[in-house]
Amino acid sequence: MPDPDIAAVADFAPRLLAWYDHAARILPWRIAPGSAATPDPYRIWLAEVMLQQTTVAAVAGYFARFTERWPSVADLAAADDADVMAAWAGLGYYARARNLLACARTVVADHGGVFPDSEAGLRALPGVGDYTAAAVAAIAFGRPAVVVDANIERVIARHRLIATPLPAAKRAIRAALAPLVPRDRPGDFAQALMDLGATICTPRSPACTRCPVVADCAAFAAGTAESLPVKPPKKAKPQRHGRAWWIESDARLWLVRRPDKGMLGGMRALPGGAWDEPPASDDGAVSVRHGFTHFDLTLTLVRRGVEDAAGEGEWWPISALDAAGLPTLYRKLVDKMRESDR
Ligand code: SF4
């Protein structure tokens, strides 16, 4: 009897690629299968950094604005930090925007504006982790790298029926995926798996009857697809509280820049105290709740006098606050304040 895993390896990639050739999603950073165009590593890298922790739909507008304003890595490297941070506002995980700049500047200063073309070379750039290095190496440079994002993790955990809970399952998922990666078209292979996970092998109700690799999918055969991958139990997030200050003068608002290190580092923001205060009891005060990765924050807005507009900051016209590049947390607070003032 042949080992069923070996049999699956034999034609997994051809079946998947044949499906991708007609079902590939059309994405602004992507070269369509069969196209003679060469992928632009800058666009692939930018998209992969933006796509971490968020969705294609959320990224599309940001990607279009970034590439219009900074069409090459050299343009981005020469940009003002404040402009890039403001353009990133709303995408979250602001350390990534700072790393984005650091990486672009390293590519220009140390590599003549040309991205390294190997996984190891990419991994050595600031802010480029294992995932991004593998994805850019495969998609931009055709390297047979093992690319594992959340979509791919789900497809492989199901296809190979890996029932170990995450994150321990990651090692087994990589080991199962590695022999499937073809030397021919590894970038399309990675993107095909991403697309399969996003459109067919979805977290809920996967469309297995339309799946190009259903014939040897172990979870489909066992009827357990929807239960995989096994997620670790969710821990309750700590609840934190803080106050932001609304300091207004002459139809302008006092804004500061948050310290480079720490949450929302380098972003324009309302002034305020540390996020470790007791819960606010000011009845009727404007407040918002915002979920960060490791805690939930309730931020309450309090009015303060102009004497508190101290230190480094700037008076920003309230009518132009939309252009201030405030992160989502502060934008929600400002919107609520404007509504309550109506
Ligand atoms: Fe996912 Fe179903 Fe395809 Fe298996 S058959 S890989 S569970 S979509």
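Quick look at the structure, then.

**What about the overall build of the protein?**
On a plain count of helices and strands, the protein comes out with 13 helices and six strands. If you line up the protein on its principal axes, its C-alpha atoms span 80 × 45 × 30 Å. For the protein, buried positions account for 46% of its 342 residues. For the protein, long-range pairs separated by at least 24 residues make up 68% of all intrachain contacts whose partners lie at least 6 apart in sequence. Here the protein displays about 17000 Å² of accessible surface, and carbon together with sulfur accounts for 54% of that area. Computing the positive centroid from 40 side-chain charges and the negative centroid from 38, the protein places the two 4 Å apart.

**Points about the site of the ligand**
What surrounds the ligand is the set Arg158, Ile200, Cys201, Cys208, Cys211, Val214, Cys217, Phe220 and Ala225. For the shell around the ligand, a count of residues per class yields eight nonpolar, no polar and one charged.

**Remarks on the packing of aromatic side chains**
The tally for this structure, following the rule as stated, stands at ten aromatic pairs. An aromatic cluster of at least three residues, connected via ring pairs, comprises Tyr42, Trp45 and Phe115. Residue placement shows Arg240 over the ring face of Phe295; its charged tip is 4.2 Å from the ring centre.

**Overview of unusual backbone geometry**
Between Leu166 and the following residue, Pro167, the backbone shows a cis peptide bond with an omega angle of 0°. Structurally, Pro167 can be placed in the loop between helix H9 (150-159) and helix H10 (169-177). In this model, Leu228 is joined to Pro229 through a cis peptide bond whose omega is -10°. Position of Pro229 among the secondary structure elements: in the loop between helix H12 (218-222) and strand E1 (239-249). Backbone geometry at Ser205 places phi at a positive 45°, although glycine is not the residue there. Checked against the element boundaries, Ser205 lands in the loop between helix H11 (186-199) and H12. Despite not being glycine, Asp250 shows a phi value in the positive range, around 60°. When you line up the elements, Asp250 lands in the loop between E1 and strand E2 (252-257).

**Some remarks on the side chain of Arg258**
Its location among the elements puts Arg258 in the loop between E2 and strand E3 (268-269). Despite being buried, Arg258 has no salt bridge partner; Asp260 is the closest side chain of opposite charge, sitting 9.7 Å away. Of note is the side chain of Arg258, whose polar atom sits 3.2 Å from the side chain of Tyr330. Non-local contacts of Arg258, meaning those with residues more than four positions away in its chain, are made with Met263, Leu264, Gly265, Gly266, Met267, Ala269, Trp275 and Tyr330.

**Quick look at the pattern of salt bridges**
This model, assessed by the stated rule, comprises 19 salt bridges. Among the salt bridges present, the one from Asp83 reaches Arg69, with a minimum N-O distance of 3.6 Å. Taken together, the residues span a long stretch of sequence, with Asp83 in helix H5 (residues 81-88) and Arg69 in helix H3 (residues 56-69) at a distance of 14 residues. Asp83 gets classed as partly exposed once you look at its relative accessible area, which sits at 32%. Here Arg185 ties to Asp188 by a salt bridge, and the two come within 2.9 Å at their closest N and O atoms.

Conventions and cut-offs
- Residues numbered from 1 in each chain as written.
- Predicted model: local features only at pLDDT ≥ 70, side-chain atom pairs only at ≥ 80, totals over all residues.
- Heavy atoms only, no water.
- Helix = DSSP H or I, 4+ residues; strand = E, 2+ residues; numbered from the N terminus.
- Buried < 20%, exposed > 50% of the residue type's maximum accessible area, 1.4 Å probe, protein only.
- Contact = heavy atoms within 4.5 Å.
- Areas by Shrake-Rupley, 256 points an atom, 1.4 Å probe, with all protein chains shown as cover.
- Lys, Arg positive; Asp, Glu negative; His and termini not counted.
- Charge placed at Lys NZ, Arg CZ, Asp CG, Glu CD.
- Near = heavy atom within 4 Å.
- Nonpolar A, V, L, I, M, F, W, Y, C, P; charged D, E, K, R; others polar.
- Phe/Tyr/Trp six-rings, centres within 6.5 Å; stacked < 30°, edge-to-face > 60°.
- Lys NZ or Arg CZ within 6 Å of the ring centre and 35° of its normal.
- Salt bridge = Lys/Arg side-chain N within 4 Å of Asp/Glu carboxyl O.
- Polar contact = N/O pair within 3.5 Å; in protein donor to acceptor, adjacent residues only side chain to side chain.

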